[in-house]
Amino acid sequence: MKFQEITMHKVSMRMKNPFTTSFGTEQDRSFVVIEAKDELGNTGWGECVTSDSPLYIEEFTDGSWVMLEQFLVPLALQHEWEHPDELAELFAPFKRNNLAKAVIDAAAWDIYAKRQGISLSEAIGGTKKEIEVGVSLGIEDDMEQLLTKIKEKVDEGYKRIKVKIKPGKDVEVVKQIREHYPDIPLMVDANSAYTLDDIDLLKQLDPYNLMMIEQPLTAGDLIDHAELQKHLETPICLDESIHSYDDARKAIQLGSGKIINMKVGRVGGLSIMKKIHDLCEEAAIPMWCGGMLESGIGRAHNIAVTSLANFTLPGDTAASSRYWHEDIIEPEVFVHNGILQVPSDPGIGYNVSREKLERYTVQKKTFKR
Ligand SMILES: O=C(O)CCC(=O)c1ccccc1C(=O)O
Ligand SMILES: [Mg+2]
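Nothing here was measured: the structure is a model prediction, and the numbers come from that model. (Residues numbered from 1 in each chain as written. Chains lettered and ligands numbered in written order. Predicted model: local features only at pLDDT ≥ 70, side-chain atom pairs only at ≥ 80, totals over all residues.)

Peer 1: Outline the packing of helix H9 (residues 245–254) against helix H11 (residues 270–282), listing residues and values.
Peer 2: It is at 9 Å that the axes of H9 and H11 come closest, and there the two elements cross at 15°. Our classification of the angle between H9 and H11 gives roughly parallel. Crossing of H9 over H11 shows right-handed handedness. In this structure, H9 contributes Tyr-245, Ala-248 and Arg-249 to the contact, and H11 contributes Ile-272, Lys-275, Ile-276, Leu-279 and Cys-280. (Axes fitted to C-alpha atoms, helices over the stretch in contact; angles between N-to-C directions. Helix = DSSP H or I, 4+ residues; strand = E, 2+ residues; numbered from the N terminus. Parallel < 35°, antiparallel > 145°, perpendicular 65-115°, else oblique. Left-handed = near helix turned anticlockwise from the far one by under 90°. Contact = placed C-beta atoms within 7 Å.)

Peer 1: Just give me the short version of the environment of Glu-58, but keep the residues and values in it.
Peer 2: With respect to the helices and strands, the residue Glu-58 is situated in the loop between strand S3 (43–48) and helix H1 (61–78). When the 14 C-beta atoms within 10 Å are taken as the criterion, Glu-58 is described as partly exposed. The spatial distance from the C-alpha of Glu-58 to the C-alpha of Tyr-350 is 30 Å, given a sequence separation of 292 residues. (Buried ≥ 20, exposed ≤ 12 C-beta atoms within 10 Å, placed from the backbone.)

Peer 1: Please provide a residue-by-residue account of the nonpolar core, values included.
Peer 2: Soluble globular proteins: nonpolar side chains tend toward being buried together. Membership of the largest hydrophobic core comes to 109 residues, with the highest contact counts inside it found for Val-32, Ile-34, Val-103, Ala-107, Trp-109, Ile-213 and Ile-260. Here this core takes 12 residues from helix H3 (residues 98–116), the largest share from any one element. Taken domain by domain, this core gets at least three of its residues from each of domain 1 (3–117 + 353–368) and domain 2 (122–341). Excluding its chain neighbours within four sequence positions, the residues that come into contact with Ile-34 are Ile-6, Met-8, Trp-45, Gly-46, Val-103, Ile-104 and Ala-107. (Core = buried A, V, L, I, M, F, W, Y, C linked by C-beta atoms within 7 Å. Domains from an automatic or database assignment.)

Peer 1: I'd like a rundown of the confidence of the model for the chain, residues and numbers included.
Peer 2: A residue-level look at the chain finds 100% of positions with pLDDT of 70 or above and a mean pLDDT of 98. Here helix H2 (residues 85–91) is the element of the chain with the lowest mean pLDDT, 97, and strand S9 (residues 236–238) is the one with the highest, 99. Taken together, the chains of this predicted complex give a pTM of 0.98 and an interface ipTM of 0.99. (pLDDT = per-residue confidence, 0-100.)

Peer 1: Lay out the domain arrangement of the chain in plain terms, naming residues and giving numbers.
Peer 2: Here the domain parsing of the chain yields domain 1 (3–117 + 353–368) and domain 2 (122–341). When each unit is reduced to the centre of its C-alpha atoms, the spacing between domain 1 and domain 2 is 23 Å. On the domain 2 side, the residues contacting the 33 residues of domain 1 number 34 residues. Those elements that provide at least two residues to the side of domain 1 that touches domain 2 are strand S1 (3–21), strand S2 (24–38), S3, H2, H3 and helix H13 (354–360). If one sorts the elements of the side of domain 1 that touches domain 2 by residue count, H3 sits on top with 10 residues. Residue composition of the side of domain 1 that touches domain 2, grouped by class: 19 nonpolar, seven polar and seven charged. (Nonpolar A, V, L, I, M, F, W, Y, C, P; charged D, E, K, R; others polar.)

Peer 1: Give me the pairing of strand S6 (residues 161–164): which residues, what numbers.
Peer 2: Residues of S6 alternate between two faces, with Ile-161 and Val-163 on one and Lys-162 and Lys-164 on the opposite face, all of them buried. As paired elements, strand S5 (residues 135–137) and S6 share three bridges and run parallel to each other. The residue bridging Val-135 from the neighbouring strand is Ile-161, located in S6. Handedness of the crossover joining S5 and S6 through helix H5 (residues 143–156): right-handed. The parallel pair S6 and strand S7 (residues 186–189) is bridged by helix H6 (residues 171–180), and the resulting crossover is right-handed. (Pairing = 2+ DSSP bridges. Right-handed = clockwise from strand over helix to strand, strands pointing away.)

Peer 1: With reference to specific residues and values, describe the sheet that holds strand S8 (residues 213–214).
Peer 2: In space, the seven strands of this open sheet follow the order S5-S6-S7-S8-S9-S10-S11, with parallel pairing throughout. What marks the edges here is a single partner per strand, and that holds for S5 and strand S11 (287–289). The pairing of strand S10 (residues 259–262) with S11 spans three bridges and is parallel. Bridge pairing links Ile-260 to Met-287 in S11.

Peer 1: Can you lay out the UniProt feature "binding site: Mg(2+)" (unreviewed entry) in the chain for me, pointing to particular residues and giving the numbers?
Peer 2: Here the UniProt-annotated "binding site: Mg(2+)" (unreviewed entry) positions come out as Asp-189, Glu-214 and Asp-239. What stands out for the annotated residues spanning 51 residues is how close their C-alpha atoms remain, the widest pair being 9.2 Å apart. Looking at the element boundaries, Asp-189 is found in strand S7. Residue Asp-189 is classed as buried on the basis of its 26 C-beta neighbours within 10 Å. Discounting chain neighbours no more than four positions away, the residues touching Asp-189 are Ser-136, Lys-162, Lys-164, Ile-165, Glu-214 and Gln-215. Residue position: Glu-214 is located in strand S8. What makes Glu-214 buried here is the crowd of 27 C-beta atoms within 10 Å. Those residues in contact with Glu-214 that sit more than four places away from it in its chain are Met-187, Val-188, Asp-189, Ala-190, Cys-237, Asp-239 and Asn-261. (UniProt positions renumbered as here; feature names shortened; annotations may be inferred.)

Peer 1: Explain unusual backbone geometry to me, and be specific about the residues and the numbers.
Peer 2: Following Glu-330, the chain continues to Pro-331 via a peptide bond in cis, the omega torsion being -10°. Within the secondary structure, Pro-331 sits in the loop between strand S12 (329–330) and strand S13 (339–341). With phi around 40°, Gln-215 is a residue other than glycine that occupies positive phi space. For Gln-215, the location among the structural elements is in the loop between S8 and helix H8 (223–231). Exposure remark for Gln-215: the 26 C-beta atoms within 10 Å place this residue in the buried category. In this structure, Leu-293 is a non-glycine residue whose phi angle is positive, near 55°. By the element assignment, Leu-293 lies in the loop between S11 and helix H12 (296–306).

Here it is in structure tokens:
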């Protein structure tokens, strides 16, 4: 099969609320959506999960536009492929740029599934028909505000609550949450805000029965995390440290953490995701699917990913309405009591609303074979 045509849409959407992490606050999201057509007229979709600034990862929206426009899209258009795995190999000579690589891989997998008349979940080897999801809550200035949001999400039935932390907003925040909610499945995400100098501080989280602490130390680090894990009872979950199969392999070997947050963009696509999934399953490392404040297109891919067997913990794929006044897919992603149905329609299983996509598109470029 081959790509006959690829259109890059730069989409700009404002979230209902600002989202604050240890690295900054975000409300306006611009990102590249890829619409790819094969020679039979099937359409595949992908969302490049960058932010406007390179704060979570080195890639950013305008940079990924250039990476796609100058390198990845032209190369993908030249190639003929039997299986989407070939795209990861095709892109491998280019260093990193995983979020950009992953968006073409995403569209290719959508087409690959649609050509066979099967869901994306089935195409990648997913087995679950419904998945459990949690929600990720940003840092709030005001503790009452955070407790109100937690109450709302607990009442909605989300299966676990993740709270962002940073120095000065950590042990006391967790202590107060636990006073109100002694038993909810609770975890924290530090987004790389600490160092090994903070071992004693981070140990103070141990009594609070957290499911895990996500990415306490530097992005990319495996060594210091292994050292920290020796001192903590709370399991460490790696996010910004895992960019490849080899990163996952080394993290397991070193004991850098006990859980992996999978973001397909961060590892460069679904093909690589699957390899890491199988490795973790073999090594008894539980996984969950992370989020990047996606629109419905990226969210649809995350649902398919979470249907794989070793995604045993609730991820960050909350309902569309948690982020957006209106989403660009139909139907939107709905969550009932923390449970989401995995669609069985071919490909991603959601329709992209042409009208809404156009409304939020600020730049567009089409490449033909
Ligand atoms: O709700 C989501 O999509 C996940 C939110 C989240 O935690 C996050 C959002 C943007 C960048 C990084 C992260 C993260 O998981 O670290
Ligand atoms: Mg994270």
